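# Structural description and commentary
The residues making up each chain are set out below.
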Amino acid sequence: MNLLELSEQEIIRRNSLEQMRQLGIDPYPAAEYVTNAYSTEIKQNFKDDEAPRTVRVAGRIMSRRIMGKASFMELQDTEGRIQVYISRDDLCPGEEKELYNTVFKKLLDIGDYVGIKGYVFRTQMGEISIHAEELTVLAKSLRPLPVVKMKDGVVYDGFTDPEQRYRQRYVDLIVNEQVKDTFIKRTKVFNSMREFFNERGYLEVDTPVLQSIPGGATARPFITHHNALNIPLYLRIANELYLKRLIVGGFEGVYEFSRNFRNEGMDRTHNPEFTVMEIYVAYKDYNWMMDLTEKLLEKIALDVHGTTKVMIGDKEIDYKAPYKRITMTDAIKEHTGIDISGMNEEQLRDVCKQLGVEQDETMGKGKLIDAIFGDKCEGSYIQPTFIIDYPVEMSPLTKKHRNNPELTERFELMINGKEIANAYSELNDPIDQRERFEEQLRLSEKGDDEAMFIDHDFLRALEYGMPPTSGMGIGMDRLVMFMTGQESIQEVMFFPQMRPEKAAKKDTPEKYAALGIEEVWVPAIQKAGYLTVEALAEANPNKLRQDLCELNKKHKLELQNPAAETVASWVENAGKQG
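Below, the structure is looked at part by part. (Residues numbered from 1 in each chain as written. Predicted model: local features only at pLDDT ≥ 70, side-chain atom pairs only at ≥ 80, totals over all residues. Heavy atoms only, no water.)

## Here's the deal with the pattern of salt bridges
One pass over the full model with this rule turns up 42 salt bridges. Among the salt bridges present, the one from Glu-177 reaches Arg-81, with a minimum N-O distance of 3.5 Å. One end of the pair, Glu-177, is in helix α7 (residues 177–199); the other, Arg-81, is in strand β3 (residues 81–87), and 96 residues separate them in sequence. Of the charged contacts in the structure, one is a salt bridge between Asp-89 and Lys-97, with a shortest N-O distance of 3.1 Å. Given a relative accessible area of 17%, Lys-97 falls into the buried group. Among the charged side chains, a network of salt bridges with common partners joins Arg-165, Arg-169, Asp-172 and Glu-491. (Salt bridge = Lys/Arg side-chain N within 4 Å of Asp/Glu carboxyl O. Helix = DSSP H or I, 4+ residues; strand = E, 2+ residues; numbered from the N terminus. Buried < 20%, exposed > 50% of the residue type's maximum accessible area, 1.4 Å probe, protein only.)

## Re the side chain of Arg-349
Position of Arg-349 among the secondary structure elements: in helix α11 (residues 345–355). Judged by its relative accessible area of 2%, Arg-349 is buried. Here Gln-359 takes part through its side chain, which lies 2.7 Å from a polar atom of the side chain of Arg-349. Those residues in contact with Arg-349 that sit more than four places away from it in its chain are Gln-359, Asp-360, Glu-361, Met-363 and Leu-368. (Polar contact = N/O pair within 3.5 Å; in protein donor to acceptor, adjacent residues only side chain to side chain. Contact = heavy atoms within 4.5 Å.)

## Notes on the environment of Arg-200
Of note, Arg-200 is situated in the loop between α7 and β8 (203–204). Through-space distance from the C-alpha of Arg-200 to that of Gly-253 is 9.0 Å; in sequence the pair is 53 residues apart. A polar contact of 3.0 Å, which involves the side chain of Arg-200, links it to the backbone oxygen of Phe-196.

Keep in mind these values describe shape, not function.
Here is the structure:
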């Protein structure tokens, strides 16, 4: 890497790296560093009246206060932070003091990893600390961390820009302590759910991510190509049809945490790559699944928070069972005053126009009803609420309602105005299922690019017989949002999808060469701020020459400084080329 592409701090750190190596210190040692304690545990277990405890800890230097022969630093490990006291004579008991005087004071930086062996004590200021007796360099940091300052509980110069935080999640996790807590809670949510299902004897399984037919949901897929088989493949939009095949095969209950991909829009609650848990249990129906869902979410809230009440912004959500249940048609009637029961497609279009709901000619009855509910009802359900009995057009994989053939035995669980779970009494009539798929095909031919494909192998599986089954899917990222009080899905995904990072436009050395500029000077010219020939045309020749001479001296480029006339000719030629 050209030194001129680095910041001053980055150059200093690279120089420190080389000095460490010259002193015989490997800044990236291969050997295991054995630890026996963590910051939080040390503080919790410290007792003033006990003999000093010897500990070995490792972590990142987050701050330093150097004071002659004694200094303090703050070490951050996987659990938190702890203060370390470093005395020159205790760290270097012999005549050789280089580890303290040179390595610690001059060559180590904030962000470096070190190992510390020492004993725990309480300082005169009352802070539990480690008195260092050994210091081992474990990894040199070549980029400076953002300096986040805190005074009287108020954070200054925080690393808060969302785009930077999501692109550089590794930095976000280092400097924003609450971010790590969110992801620890995410794991607790997954573990709680696994424990709940495993206790009931359901089997966790894996199904294909690459599929020949993107089935199980209405969504636009990502398409790829398998070279060896010379066939198109799709990243899965759902795993439903594969899990049902396993029920056909004789498993009574299966579930999967499925990484799904949908080639659709992105916003605060949607990411093109996301995680869904889907579960299917034989001999059950959607009423049973509602009861199970209530117990599941109540347990997760208790496992993560110790209470069923969780704050999302200024709203308190209570996950204590039971939850309210209301049919979709009653929900629409409740919020619009219109009863859509028995309406055909044209009548539903008129309702959309009357209510100001956006719609187009590609939308069938199901999508029109979904648009009305989404626009006029969904956001009103803050506390957990089951919306039940969806019109048959909205649910191509769902069993018809036992009392009304125009409806299906389906529910969606709404929380904080958003869907969190979707469940059915699963359709197991292969003839009915074929007709539903064919209706989806007609919608596709009308221009609906989210309509389902016909999965002939799945129909064949149903023809072998699938027992009465209930299935449910939960959007795990959204559930974690709700369980951690976050209002953006990007906050609960380690690495959310981002647009490509924009790089500053730079002209090639050849473009500068056309102006009579030697290639060796191009990095310095660009370091001075003239990234393009067009920008160079606007330069003040005297200032440019002064900047180049300073860069030559500061970075020891060992170039012959250009004459004033030469620099003036560069600028003049750039102007002519422009």
